[in-house]
Amino acid sequence: MTTIFSKIIAKEIPADIVYQDDWVTAFRDIHPQAPTHILIVPNKEIATVNDVFPEDEAILGRMFVVAKQIATEQGIAESGYRLIVNCGADGGQEVYHLHMHLVGGRKLGRMLPN
Ligand code: DGP
């Protein structure tokens, strides 16, 4: 399923892209929840975590390597940050193109509400 993220990856619509290589693209979230809120997205159209297969392992690994690199560049690696991947309706996923939220720059508090 093609979503707006594929158009951002292809640079058909504007976004504040902070990193791009052959495997992943990272851009600032349009509705930031913290001073740093960046989405790290595989260039390949993978809808959800449920659609991940063993052949995607290198892409998924790259997402973490890029997350660390961006956190360092954004100056939040030492203070800390959170990586979030929502899956499906109960997980709160809105865009059905797999993505990792990199959120930081302030104290984030509890991971989940009580
Ligand atoms: P999720 O709920 O995990 O599917 O998060 C989707 C995020 O994507 C949400 O925080 C807002 C962001 N988003 C949605 N549409 C766009 C867009 O067109 N551009 C950008 N930069 N972010 C978007």
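Residues numbered from 1 in each chain as written. Predicted model: local features only at pLDDT ≥ 70, side-chain atom pairs only at ≥ 80, totals over all residues. Heavy atoms only, no water.

Peer 1: Give a description of the pattern of salt bridges that names residues and reports values.
Peer 2: Evaluation of the coordinates by the stated rule reveals three salt bridges. Two residues, Arg62 and Asp21, come together in a salt bridge whose shortest N-O distance is 2.4 Å. Residue Arg62 is found in helix H2 (residues 57–73), and its partner Asp21 is found in the loop between strand E1 (17–20) and strand E2 (24–28); the two are separated by 41 residues along the sequence. The class for Arg62 is partly exposed, based on a relative accessible area of 28%. Judged by relative accessible area, Asp21 falls into the buried class, the value being 17%. Asp56 is the partner of Lys44 in a salt bridge, and the nearest nitrogen-oxygen pair spans 2.6 Å. A residue pair is termed long-range when its members are at least 10 positions apart, and Lys44 in the loop between strand E3 (36–42) and H2 and Asp56 in the loop between E3 and H2 qualify at twelve residues. (Salt bridge = Lys/Arg side-chain N within 4 Å of Asp/Glu carboxyl O. Helix = DSSP H or I, 4+ residues; strand = E, 2+ residues; numbered from the N terminus. Buried < 20%, exposed > 50% of the residue type's maximum accessible area, 1.4 Å probe, protein only.)

Purely geometric stuff here, so don't read any function into it on its own.
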